[in-house]
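Here's the letter readout for the chains.
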Amino acid sequence: MRKTFKTLLLALPLCAAALSANAADSAVGRWKTIDDKTGKVKSIVEIAQASNGTLSGKVVDILQSDKGPNPVCSDCSGANKDKPVKGMTILWNLKSDGAGSWSGGTILDPANGKTYKSKMKLQTGGTKLDVSGCVAFICRAQTWQRE
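As for the overall build of the protein
Across its full length, the protein carries one helix and eight strands. In sequence order, the protein lays out its α and β elements as α-β-β-β-β-β-β-β-β. Residues counted as buried form 30% of the 147 residues belonging to the protein. Of the contacts formed within the protein by residues at least 6 apart in sequence, a portion of 38% connects residues at least 24 apart. Surface exposure of the protein reaches about 9200 Å², of which carbon and sulfur atoms provide 58%.

Here is the structure:
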C-alpha cells in the first residue's frame with residue numbers, strides 16, 4: 001500500500017505536466033480579444049471544441065465597447081439581429097489543420113454584423129492566438145491573448 005502511494009505521488013507531477021502541455025497545443029479556453037486598431041482589450045471569448053472536433057467561440061464578457069456596456073448586434077441579420085453580443089457565438093466551424101492551426105470556419109464581427117472566412121493559428125507557447133477573417137483578398141487579423 002505504501003509503495004502504491006509513493007508511486008502515485010511521483011506520477012501526479014507527470015500527469016499535470018502532460019495536461020498543461022496538451023492545453024498549450026489547443027485553442028480551447030478563454031481569450032482576450034485585442035482590437036487591431038486601438039490595441040485595447042475588447043472582450044473575452046471562450047473557445048470550445050464540439051464533439052465533431054470543430055471549434056467555436058462565444059463572447060462571455062464585454063470589457064470595452066463603443067455601444068455601451070451591453071451592446072446588441074444591430075447590424076447583424078437573421079437570428080443575431082438586435083441580440084446581445086454577450087453570449088453570442090461569433091466564431092464557428094473551425095477545423096484543425098494540425099500543428100496548432102485551424103481553418104474553414106466563419107467569424108462574425110458584431111461591430112458591423114458581417115461574417116468572414118476565418119482561420120486561427122496558435123503561437124508558440126500557447127499564450128497567443130492569431131485570428132483572421134477574410135472576404136476575397138481583404139483580410140483583417142487580431143492577436144488574442146489567453147486569459
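Overview of the confidence of the model for the protein
On average, residues of the protein score 86 in pLDDT, and 84% of them reach the 70 mark or higher. Below a pLDDT of 50 lies the segment residues 4–24, which in the model reaches four contacts outside its immediate sequence neighbourhood of four places, other chains included.

Looking at the pattern of salt bridges
Taken as a whole and assessed by the stated rule, the structure comprises four salt bridges. Here Arg-30 makes a salt bridge to Glu-147, at a shortest N to O gap of 2.6 Å. Remark: Glu-147 occurs in the segment after β8 (138–146) and Arg-30 occurs in strand β1 (residues 29–34); sequence separation between them is 117 residues. According to the relative accessible area criterion, Glu-147 is partly exposed, its value standing at 48%. Asp-35 serves as the salt-bridge partner of Lys-42, at 3.6 Å between the closest nitrogen and oxygen.

Here is what the cut-offs are and how they apply
- Residues numbered from 1 in each chain as written.
- Predicted model: local features only at pLDDT ≥ 70, side-chain atom pairs only at ≥ 80, totals over all residues.
- Heavy atoms only, no water.
- Helix = DSSP H or I, 4+ residues; strand = E, 2+ residues; numbered from the N terminus.
- Buried < 20%, exposed > 50% of the residue type's maximum accessible area, 1.4 Å probe, protein only.
- Contact = heavy atoms within 4.5 Å.
- Areas by Shrake-Rupley, 256 points an atom, 1.4 Å probe, with all protein chains shown as cover.
- pLDDT = per-residue confidence, 0-100.
- Salt bridge = Lys/Arg side-chain N within 4 Å of Asp/Glu carboxyl O.

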